[in-house]
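One-letter residues, chain by chain:
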Amino acid sequence: MSSSGGIQIPGRLPLLLTHEGVLLPGATMRISVDTARNMQLVKSRLLKGTSLKSTIIGVIPNTKDPDHDSEEVPTLHSIGTAGLAVQVVGSNWPKPHYTLLITGLCRFRVAQLLKERPFPLAEVVQLDQLDQLTNSPDGELGELGERFYQAAVQLVGMLDMSVPVVAKLRRMLDSLPRETLPDVLASMIRTTNKEKLQVLDAVSLEERFKKTLPLLSRQIEGLKLLQKTRKPKPDDDKKVLSVRKGGVFPIRQFSLDEEAEDDDGDDITLLERKVKGASMPEPALRVCVKELKRLKKMPQSMPEYALTRNYLELMVELPWSKSTTDCLDIRAARVLLDNDHYAMEKLKRRVLEYLAVRQLKSSLKGPILCFVGPPGVGKTSVGRSIARTLGREFHRIALGGVCDQSDIRGHRRTYVGSMPGRIINGLKSVASTIRSSCWTRWTSWARACRETLPPPCWRFLTRMQTRGGMYQRDEKHQKHLERFARGAPVLDPEQNHSFTDHYLNVAFDLSQVLFIATANTTATIPPALLDRMEVLQVPGYTQEEKVEIAHRHLIPHQLEQHGLTPQQLQIPPHTTHDIISRYTREAGVRSLERKIGAICRAVAVKVAEGHKMSKQESSNHQQDQPGADEKEAGAEEAQRESADLSAPPEMPILIDPIALKDILGPPLFEMEVSERLTLPGVAIGLAWTPLGGEIMFVEASRMEGDGQLTLTGQLGDVMKESAHLAISWLRSNAKLYQLTNMSGQPDPMEGTDIHLHFPAGAVLKDGPSAGVTIVTCLASLLSGRLVRSDVAMTGEITLRGLVLPVGGIKDKVLAAHRAGLKRVIIPKRNEKDLEEIPAHIRAELDFVAAGSVDQVLNAAFGGGFPAAATTSPLTHPHLASKL
């Protein structure tokens, strides 16, 4: 690199402008390139060049390259460093740029800037004459060189020779010419860019020694001061120091055998200690030990280093062999569940059964429960209550919109940006929550001990805190995962003991985790997944149950949320009943809670205005003066009368039907059942939806035509087939029931078209349970008789006139009860489902269990639907054996 060595730089050099650092001769530096001119230099000179000369460029410090090529080049620093581009790495993230690894060769002075585009090109003059010290070794320059060398030897002697980079630096001091030491050491010790710029500008070797020697002495004094301030230890023979980019600074001593406070300084050692204390199973421990060995051999600059370290940190944070102790007090659990939720007896009974079995058998595998029911009935809140009852942590995973199993089971570590799945992340987050709560309790206890224990004991407690002794406490978790049923790949009690996340790639035991899945319907759950879960139906609430829930839970919660008290707002039960029946129509209570919230907001406005007005009245009363004339007194009286209209309301504010209409507006739902059954050809059916049960009107009309059946209302294939079944049964029994077409012919379809319509055409409808409703509607149309306006029905029909059972009976009956109907026709084989309906609702409704279509017709029409013959169409003559 010296001129005496025969290396000469070209007379013209392309210039790389940088303001991030200073490159000194003999040093190596990484420079990021992302501006227009610098990018063009890399592309045109370094990437396309084929000779060694093309890799030599000039680095100009303290000069910022303009972001755009159209801007002029700023004033250049007069002194630069000729460098050899050793490596060029390109990347497009986060924006296109290059990273250059450049080794400094020598100084130069910019004589003339030849051109600015596409990159700066200048005529330069080489400045370094590094043979000055060799020509005069005994003069003042030689004395400066010797002093500098002795200071460098002293600095290196304070470092630990067992560190490879320190040993290499010591060898360099003896092998490098002394005239090159100022640049080399100035680039290694802790200095600012301004100080390095002064060293670069020192063209004279004597001036260079004088600029660098104080920097070296300052570093030595800093290390001496550090050694004095450190606490002496008996085995503190070596000072472990590190030479890094940006300077020399101390690193705490570490030891694998002694558990001292300074151990935390070495991250890898701390990580190794955590791995040993995590109580992992043998397969997981082997994997972690193997990854630790790889991590120790990696330089920190490798991308693999961060990935491996993140993996190990996740492994030590997981609760491999630790779990909470379940609270198995059945009486306390029953009280807690009753206080949190009204009704839902089936769910509560199942939870108490689980607790009872856990008392008898502690090794019971965690069941997988699936709560299926309409929205807003409390499925998720029941999961939280179960977690509180058992004393476990609750973690909820919402799977809405998840279509990739990697979101649940994690990504393999071979992918860029890989991460564990939601289940493992949930375990980690809940474990962190418990550790923080345990840490709070530990800190409070340790602070209390500080006032009663002697100082040595207190120092021991403090050391235990900093070492993270909480990892050994049996306070870590098992948890609940409340999940949507769609796409869940890990729901099998027989396989959860060896659940494998793709990111961990080792088995993790989930057998003690209680999984709670929630869904609105089981129709979209894969059969294999549904077979592994215990499905518990959560039906909708009755009106009486909603009133009770509102006054027990919803109203107090909304009062608290809006800053009101029961002394300010009261909602009587009859008002709550009006909200339920006229402003909401749902199986759950979410809309009911929103309506109560709207009432609380309206009352909050009145209360706030009342406080403000009372303050204004008191201030006006203080400003009143006697002796006002009659005109002013009359004006004040009129003002008082107008103010009385907006005076603060008397407390508590009672919500009556008038106030309810003022706040919520006109009723959203009216009982229109009787109005819609004023003509023949209309019947009421019962339908089940994921939102609960609903009543459904079926309308039919006929006109002259060629015997076609038209179906409208967005019907599915099964419902269309039910309509054709109904037509076929009516045509086959037309003579029996005296059904004719418009001209009186015995075939109802001859010369007649029938249009069957299901209102709410924007809603897709399907299923076989509308069969009896369609038959009744068509029988009313063809016979000209009205169906009773207080009757609803459900059931599947066959071609022979039998009525088959259907599902969702409880939700359908509750829908009929909400609509004010009095009679419900159900299939005879569904009588067993009536036991799930509350007794007071069964007492208010008249249930007709029909086994055939003629029984349905007799119950649906006032006075029955008699046939022409006395014998039922489904009765058969008695056959006697002749054998």
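Residues numbered from 1 in each chain as written. Predicted model: local features only at pLDDT ≥ 70, side-chain atom pairs only at ≥ 80, totals over all residues. Heavy atoms only, no water.

An unreviewed UniProt entry lists the chain under the name Lon protease homolog, from Alosa alosa.

Trainee: Quick rundown of the overall build of the chain? Include the residues and the values.
Mentor: Of the regular secondary structure elements, the chain holds 29 helices and 26 strands. Accessible surface, the chain as shown: approximately 46000 Å² in total, 52% of it carbon and sulfur. (Helix = DSSP H or I, 4+ residues; strand = E, 2+ residues; numbered from the N terminus. Areas by Shrake-Rupley, 256 points an atom, 1.4 Å probe, with all protein chains shown as cover.)

Trainee: So what's going on with the pairing of strand β21 (residues 752–757)? Which residues, and what values?
Mentor: As paired elements, strand β19 (residues 692–704) and β21 share six bridges and run antiparallel to each other. What sits directly across from Glu704, in β21, is Thr752. Pairing of strand β20 (residues 709–712) with β21 involves four bridges; the strand directions are parallel. Opposite Leu709, over in β21, you have Ile754 as the bridge partner. (Pairing = 2+ DSSP bridges.)

Trainee: Provide a residue-level description of the packing of helix α8 (residues 267–277) against helix α10 (residues 303–317), including the pertinent values.
Mentor: Where α8 contacts α10, the two axes come as close as 9 Å, and the packing angle between them is 35 degrees. Regarding α8 and α10, the two cross each other, and that crossing is left-handed. Between α8 and α10, the contacting residues are Asp267, Ile268, Leu271, Lys274 and Val275 on the first element and Tyr305, Arg309, Leu312, Glu313 and Val316 on the second. (Axes fitted to C-alpha atoms, helices over the stretch in contact; angles between N-to-C directions. Left-handed = near helix turned anticlockwise from the far one by under 90°. Contact = heavy atoms within 4.5 Å.)

Trainee: Describe the UniProt feature "active site" (unreviewed entry) in the chain, and please don't skip the residues or the numbers.
Mentor: Per the UniProt record, the feature "active site" (unreviewed entry) sits at Ser769 and Lys812. These residues run over 44 residues, yet every pair of their C-alpha atoms falls within 10.9 Å of each other. Residue class for Ser769 comes out buried when judged on its relative accessible area of 16%. Look past the residues within four positions of Ser769 in its chain and what remains in contact with it is Leu686, Thr794, Gly795, Glu796, Val806 and Lys812. Note on placement: Lys812 falls in helix α27 (residues 809–818). Overall, Lys812 belongs to the buried group, its relative accessible area being 3%. For Lys812, the residues in contact, after removing those within four places along its chain, are Leu686, Ala687, Trp688, Gly693, Ser769, Thr794, Val806 and Gly807. (UniProt positions renumbered as here; feature names shortened; annotations may be inferred. Buried < 20%, exposed > 50% of the residue type's maximum accessible area, 1.4 Å probe, protein only.)

Trainee: Tell me about the pattern of salt bridges, and name the residues and values.
Mentor: Considering all chains together, one arrives at 24 salt bridges under this definition. Note that Asp174 is salt-bridged to Arg170, the shortest N-O span being 3.1 Å. Taken as a pair, Asp174 and Arg170 lie in helix α4 (residues 164–175) at a separation of four residues, close to a single helical turn. The exposure class assigned to Arg170 is partly exposed, which follows from its relative accessible area of 25%. For the salt bridge of Lys348 with Asp338, the shortest nitrogen-to-oxygen distance reads 3.1 Å. On the criterion of sequence distance, the pair formed by Lys348 in helix α12 (residues 345–360) and Asp338 in helix α11 (residues 330–340) is long-range, its members being ten residues apart. What makes Asp338 partly exposed here is its relative accessible area of 33%. Put simply, Glu291, Arg294, Glu304 and Arg413 are held in one network by salt bridges that share partners. (Salt bridge = Lys/Arg side-chain N within 4 Å of Asp/Glu carboxyl O.)

Trainee: Please provide a residue-by-residue account of the packing of aromatic side chains, values included.
Mentor: Think of a pair of aromatic rings as described by two things: how far the centres are apart, and how the planes are tilted against each other in angle. Evaluated as defined, the whole model comprises six aromatic pairs. Each residue in the set Trp729, Tyr737, Phe861 and Phe865 is aromatic and connected to the rest through ring pairs, giving one cluster. Sitting above the plane of the Phe119 ring, Lys115 keeps its charged end 5.5 Å from the centroid. Its end group placed over the ring of Tyr311, Arg413 keeps NZ or CZ at 3.8 Å from the ring centre. (Phe/Tyr/Trp six-rings, centres within 6.5 Å; stacked < 30°, edge-to-face > 60°. Lys NZ or Arg CZ within 6 Å of the ring centre and 35° of its normal.)

Trainee: How would you summarise the environment of Leu185 if you had to cite specific residues and measurements?
Mentor: With respect to the secondary-structure elements, Leu185 resides in helix α5 (residues 181–186). The buried category is assigned to Leu185, whose relative accessible area is 3%. Linking Leu185 and Leu24, residues 161 residues apart in sequence, is a C-alpha distance of 9.9 Å. Ignoring anything within four residues of it in the chain, the contact list for Leu185 reads Phe148, Ala152, Leu169, Leu173 and Leu216.

Trainee: Help me get a handle on unusual backbone geometry, residues and values and all.
Mentor: Apart from glycine, the bulk of residues carry a negative phi angle, and the bulk of peptide bonds sit in the trans form. Here the amide bond leading from Arg117 into Pro118 is cis, since omega sits at 0 degrees, within 30 degrees of zero. By the secondary structure assignment, Pro118 is in the loop between β5 (97–115) and β6 (121–126). For Ala343, which is not glycine, the phi dihedral falls at a positive 65 degrees. Note that Ala343 resides in the loop between α11 and α12. Residue Gln738 is not a glycine yet carries a positive backbone phi of 55 degrees. Examined against the element boundaries, Gln738 turns out to sit in the loop between α25 (734–737) and β21.

Trainee: I'd like to hear about the nonpolar core, residue by residue, with values.
Mentor: One recurring pattern in soluble globular proteins: nonpolar side chains tend to sit buried together. Formed by 63 residues in total, the largest nonpolar core has its most connected members in Leu756, Leu778 and Ile825. Among the elements that make up this core, the one with the highest residue count is helix α26 (residues 771–783) (eight residues). Counting residues in each nonpolar core, the second largest holds 45 residues, with Ala343, Val351, Phe371 and Leu660 among its members. (Core = buried A, V, L, I, M, F, W, Y, C linked by side-chain atoms within 4.5 Å.)

Trainee: I'd love a proper account of helix α6 (residues 193–201), names of residues and values included.
Mentor: For α6, the complete set of buried residues consists of Glu195, Lys196, Leu197, Val199 and Leu200. Where α6 is buried, its residues touch β4 (79–91), β5, α5 and α7 (205–229).

Trainee: Go over the side chain of Ser385 with me, naming the residues and quoting the values.
Mentor: Of note, Ser385 is situated in helix α13 (residues 379–390). Those residues in contact with Ser385 that lie beyond four places of it in its chain are Leu336, Leu337, Asp340 and His341.

Trainee: Quick one: what's the story with the environment of Asp67, residue by residue and with numbers?
Mentor: Examined against the element boundaries, Asp67 turns out to sit in the loop between β3 (56–60) and β4. The residues contacting Asp67, other than those within four sequence positions of it, are Thr35 and Ala36.

Trainee: Residues and numbers for the pairing of strand β9 (residues 368–372), please.
Mentor: Among the five residues in β9, five count as buried, and that is most of the element. The alternating pattern of β9 places Ile368, Cys370 and Val372 on one face and Leu369 and Phe371 on the opposite face, and all of these are buried. Pairing geometry for β9 and strand β14 (residues 514–519), over five bridges, is parallel. Bridge pairing in β14 links Leu369 to Ile516.

Trainee: Now, about the packing of α11 against α12: what can you tell me, with residues and values included?
Mentor: As a packed pair, α11 and α12 sit with axes 10 Å apart at the nearest point and diverge in direction by 160 degrees. By the criterion of interaxial angle, the relationship of α11 to α12 is roughly antiparallel. Relative to α12, the crossing made by α11 is right-handed. Residues Ile330, Ala333, Arg334, Leu337 and Asp338 of α11 pack against Lys348, Val351, Leu352, Leu355, Ala356 and Gln359 of α12. Partitioned by chemical class, the residues of the contact of α11 with α12 number seven nonpolar, one polar and three charged. (Parallel < 35°, antiparallel > 145°, perpendicular 65-115°, else oblique. Nonpolar A, V, L, I, M, F, W, Y, C, P; charged D, E, K, R; others polar.)

Trainee: Account for the side chain of Thr575, with residues named and values stated.
Mentor: Positionally, Thr575 belongs in helix α19 (residues 573–583). Every residue in contact with Thr575, bar those within four places of it in the chain, is listed here: Ile655, Asp656 and Leu660.

Trainee: I'd like a description of the environment of Met298, backed by residues and values.
Mentor: Following the sequence through the fold, Met298 ends up in the loop between α9 (282–297) and α10. Taking the C-alpha atoms as reference, Met298 lies 9.8 Å from Thr308; in sequence the two are ten residues apart. Once residues lying within four places of it in the same chain are set aside, the contact partners of Met298 are Glu304, Tyr305 and Thr308.

Trainee: Just give me the short version of the confidence of the model for the chain, but keep the residues and values in it.
Mentor: In the predicted model, the chain carries a mean pLDDT of 79, and the fraction of residues at 70 or more is 80%. Counting interchain partners and residues more than four positions distant, the pLDDT-below-50 stretch residues 621–631 has zero contacts. Overall, residues 640–645 carries pLDDT values under 50, and its contacts beyond four positions in sequence, including any with other chains, amount to zero contacts. (pLDDT = per-residue confidence, 0-100.)

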